[in-house]
Amino acid sequence: MKKAWLAVASCLLTVSCSSPSTPDCIYNCAPSSSVGNNNLNGNNNHVALTEAQRLALFKYLENQVKKQWGDDDYLQAGKHRYVKYFDGYRTRAHIDFDNGKIYVSTVANYAPQATLKKAIEATLLMPADPSQVDLFSDKSIPLKGKPFLLGQVKDHENQNIQWPWRAGKYADYLIANKLKTKKLQHGTAYYVEINMVDDHLEQREYQYADLIRQAAKRYDIDEDLIYAIVKTESSFNPYAVSHAGAYGLMQVIPKTAGADVFNLVKNKSGIPTKEYLFDPANNIDTGTAYFYILKNRYLKEVQHPTTKHYTMISAYNGGTGGVLATFDTDRKQAMNDLNQLQPNQVYWALTNKHPKAEARRYLEKVLHFQKEFEAM
């Protein structure tokens, strides 16, 4: 982490920043050589962050949040969790997609209820396009277009929340009837808890059905597999991020899978930006295109179709190298050994002997979800 900060600090000497400790300045340090290579839609407003800059953003966010909330109540966005800060990092929205809960909280000393109301409204009306929301700063959210949570939350009158006036009315109700407090290290937090509808997961699935169908057809990958990967990786949370540097619904890492897709499928140089991968259409396309690469390039020599299916899933999480290392340290010998086994034997090996425990669990989880989607 120290090296990451030193890299950013060195870069800051070459640019003019009014406040060198802000995320904007870190963004401005992105290498100019990546401009124009990373956005297939032709918009060159964003550049790909280096690893040092990405780590610096996480560290900056952590430092700012802990100043307001203390160490024990630090919370950061993840794969299945949306977290967005406002108002000098004193206010936050937290969506737990696995459990269908929304928490909006503030530690503001001045007018906490008014601050909380504004944050509730922003959360309920947040856009469906995650590229419009900066999770690494306390910037406000542009409330335009169809709300992402539309249909996933009902107000106290059991109505969908699409317009500012209804969001404001529901916020008033919550503050008047559901407001809670909690003592923190640095003061008192005021918060409300909102239950999502029972079928909130299915509501999100519907949002991406067309994109998944198109990608499956484009790259000849089963729709059920794409659905299972999205559910495993993000619970259909388009704002998903990870410390490994993965973004969006299918948790694509720009410098690995993203770079391969740009180079081998899109014939583009460079790597995709986080803004590019936060766009659901781009993310699903890129993640599915990577499965195409696994199927037709990296795992092309796998003979049995069921075995290939297992190895593709495992490689999506732990890499092709991890799959082959399960069978032998020599890649050529590993492929020969793999092809000598029955699919059930390959499955056993990948779920019991894979070098990474996460990859062992991953194959089981994806196949379980795929069966669910096949049955629907």
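Scroll up a little and you will see the structure.
What you see is a predicted model; the values in this text were computed from it and never measured. (Residues numbered from 1 in each chain as written. Predicted model: local features only at pLDDT ≥ 70, side-chain atom pairs only at ≥ 80, totals over all residues. Heavy atoms only, no water.)

Q: What is the right way to look at the side chain of serine 314 in this model?
A: Position of serine 314 among the secondary structure elements: in helix 12 (residues 305-325). Those residues within four positions of serine 314 in sequence are excluded, and the remaining contacts are Gly319, Val323, Leu350 and His354. (Helix = DSSP H or I, 4+ residues; strand = E, 2+ residues; numbered from the N terminus. Contact = heavy atoms within 4.5 Å.)

Q: Can you walk me through unusual backbone geometry in this structure?
A: Leaving glycine out, the prevailing phi sign among residues is negative, and the prevailing peptide bond configuration is trans. In this structure, tyrosine 89 takes a positive phi of about 70° despite not being glycine. Relative accessible area serves as the criterion here: at 4%, tyrosine 89 is assigned to the buried category. You will see that glutamine 251, though not glycine, has its phi angle at about 50°, which is positive. Structurally, the position occupied by glutamine 251 is in the loop between helix 8 (223-234) and helix 9 (254-264). (Buried < 20%, exposed > 50% of the residue type's maximum accessible area, 1.4 Å probe, protein only.)

Q: Quick question: what am I supposed to make of the packing of helix 14 (residues 343-352) against helix 15 (residues 357-375) here?
A: Helix packing geometry: the angle between the two helix axes and the distance between the axes. Where helix 14 contacts helix 15, the two axes come as close as 6 Å, and the packing angle between them is 130°. Looking at the two axes, helix 14 sits oblique to helix 15. On the side of helix 14, the interface is formed by Tyr347, Leu350, Thr351 and Asn352, while helix 15 contributes Ala359, Arg360, Leu363, Glu364 and Leu367. A class-by-class count of the residues in the contact of helix 14 with helix 15 yields five nonpolar, two polar and two charged. (Axes fitted to C-alpha atoms, helices over the stretch in contact; angles between N-to-C directions. Parallel < 35°, antiparallel > 145°, perpendicular 65-115°, else oblique. Nonpolar A, V, L, I, M, F, W, Y, C, P; charged D, E, K, R; others polar.)

Q: Hey, could you run me through the pattern of salt bridges in this one?
A: A side chain with one charge may pair with a side chain of the opposite charge, provided their charged atoms come close. For the coordinates displayed, the defined rule picks out 16 salt bridges. As a salt-bridge pair, aspartate 73 and lysine 182 come within 3.2 Å of each other at their nearest N and O atoms. Remark: lysine 182 occurs in strand 4 (residues 180-184) and aspartate 73 occurs in the loop between helix 3 (51-69) and strand 1 (81-86); sequence separation between them is 109 residues. In this structure lysine 182 comes out as partly exposed when scored by relative accessible area, which is 42%. Between glutamate 157 and arginine 166 there is a salt bridge, and its shortest N-O distance comes to 3.2 Å. (Salt bridge = Lys/Arg side-chain N within 4 Å of Asp/Glu carboxyl O.)

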